[in-house]
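# Structural overview
Residues per chain, in single letters:
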Amino acid sequence: MSDETSETPGELPLEGAGQRLRRAREEAGLTVEQVAAETRIPQRHLEVIEAGDFAALPARTYAIGFSRTYAKAVGLDEGEIARQVREETGAVQEREQPHGASFEPGDPARVPSRGLAWLSALAVVLLVAGGFAYFKDYFFPGAGPGPITAPEAEVAAAGEGAADARADAAPPPAGGPVVFTALEDNTWVKFYDANGEQLMQKQMARGETYTVPADADGPLVWTGRPYALAITVGGRSVPKLSEEDEIVRDVPVSAEALLARADAGAADEAPSAGQAEAGAGGA
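For every chain, the first residue of its written sequence is number 1, and the numbers climb from 1 along that sequence. The model is predicted, so local features are restricted to residues of pLDDT at least 70 and side-chain atom pairs to those at 80 or more, both for listing and for counting; the totals for chains, interfaces and linings are taken over all residues. Based on all heavy atoms of the structure, the side-chain values leave hydrogens and waters out of the count.

## Observations concerning the pairing of strand 6 (residues 229-233)
To be explicit about the condition: Buried residues are those whose accessible area, probed at 1.4 Å on protein chains only, stays under 20% of the maximum for their type, while exposed residues exceed 50% and partly exposed ones sit between those limits. Secondary structure is summarised from DSSP: a helix means a run of H or I of at least four residues, a strand means a run of E of at least two, and numbering begins at the N terminus for each. Two strands form a pair only when DSSP identifies at least two bridges running between them.
Side chains of strand 6 alternate between two faces, with Leu-229, Ile-231 and Val-233 buried and Ala-230 and Thr-232 left unburied. Two elements, strand 1 (residues 178-182) and strand 6, share five bridges in a ladder whose sense is antiparallel. Across the sheet, residue Ala-182 finds its bridge partner in strand 6, namely Leu-229. Across three bridges, the pairing between strand 6 and strand 7 (residues 236-238) is antiparallel. Looking across to strand 7, one finds that Ile-231 is bridged to Val-238.

## Some words on the layout of surface pockets
Just so we agree on the cut-off: Cavities and pockets are defined on a 1 Å grid built over the protein atoms alone: a cavity is a set of grid points where a 1.4 Å probe fits but cannot escape, while a pocket is an open set with protein on both sides within 12 Å along at least five of seven lines, and lining residues are those with an atom within 4 Å of any such point. Grid points are joined across faces, edges and corners, and a volume is the space filled by probe spheres set on the points.
Each pocket or cavity is described by its volume, and for the second largest pocket that value is around 280 Å³. In this structure, the second largest pocket is lined by 14 residues; those nearest its centre are Thr-39, Arg-40, Thr-69, Asp-185 and Asn-186. When contributions to the lining of the second largest pocket are tallied by element, the ones reaching two or more residues are helix 2 (32-39) and helix 4 (60-74). Here the element with the most residues in the lining of the second largest pocket is helix 4; it accounts for four residues.

## Re the sheet that holds strand 6
Just so we agree on the cut-off: A fitted line through C-alpha atoms serves as each axis, taken over the contacting stretch for helices, and the angle formed by two N-to-C directions is quoted from 0 to 180°.
Spatial strand order, 4-1-6-7: four strands in an open sheet with antiparallel pairing. Only two strands of the sheet have a single neighbouring strand rather than two, namely strand 4 (209-212) and strand 7. Across the sheet, the axes of successive neighbouring strands diverge by a mean angle of 30 degrees, strand direction being ignored.

## Thoughts on the pattern of salt bridges
How we decide: Put simply, a salt bridge is a Lys or Arg side-chain nitrogen that is within 4 Å of an Asp or Glu carboxyl oxygen.
Considering all chains together, one arrives at 11 salt bridges under this definition. Where Arg-225 meets Glu-184, a salt bridge forms, and the shortest distance between an N and an O atom there is 2.4 Å. Of this pair, Arg-225 sits in the loop between strand 5 (220-223) and strand 6 while Glu-184 sits in the loop between strand 1 and strand 2 (187-192), placing them 41 residues apart in sequence. Take Arg-225: its relative accessible area is 7%, and that puts it in the buried class. Several salt bridges share partner residues, and in doing so they unite Glu-15, Arg-23 and Glu-27 into one network.

As structure tokens, this is what we get:
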């Protein structure tokens with residue numbers, strides 16, 4: 001019997017993708033800090049990849065894209081590393097989901113909470129009661145008290161006052177198409193609605209844009225590079241989701257939510273400007 005062993009088709013190599021990347025980096029005489037500076041991948045993500053802990057990254061797409069970029073930086077075959085990472089992350093998913101769940105690890109919960117269900121039921125009851133009160137005279141004519149005749153001038157004045165009140169109560173027009181533009185390559189982002197249904201998920205190239213569907217129900221965003229996404233609402237630039245290198249998730253990105261967020265940020269800056277002017281006057 002031969003002492004040599006052969007790798008069974010479909011099995012992962014004895015040496016994981018993270019170990020191969022780390023060995024190639026060390027052979028090239030590079031530090032993790034140098035690779036992070038060259039690839040613009042956060043150092044903590046590189047350390048997670050070298051440890052083979054791909055589940056610690058936000059999504060499988062992150063693991064594959066970052067590993068491919070890492071392989072290119074240390075002279076390994078990008079396609080081979082990407083294939084091995086797919087196999088390793090696929091094996092992890094099979095262990096974590098033995099019952100064949102069809103959703104991605106880390107996807108937002110698709111089942112509403114009990115509190116949300118009760119709130120929805122209460123809203124339906126109030127809507128039915130309001131509709132009944134509004135259309136009661138239509139379905140049950142003569143059920144209410146008889147009308148009291150009023151002078152025509154008073155009726156006209158009351159009508160004008162009601163029209164003015166409705167005009168004052170109408171909110172000013174706001175909104176427009178919400179457009180995200182990637183400022184860097186390999187910017188992973190996922191858009192989904194309030195029910196967890198995916199709208200778009202990919203690694204956006206630099207300069208690539210995505211317009212949030214106007215009919216999306218409560219659109220949300222998830223990304224690990226919020227500083228690399230510029231946002232406009234109806235052609236108006238609004239602040240980024242964050243200027244920090246952090247993971248943001250379940251952030252509302254409807255036109256109303258982004259404009260309200262921008263207005264709140266402007267209101268927070270106004271007192272600071274007033275205090276600076278007051279300090280300058282006192283000096």
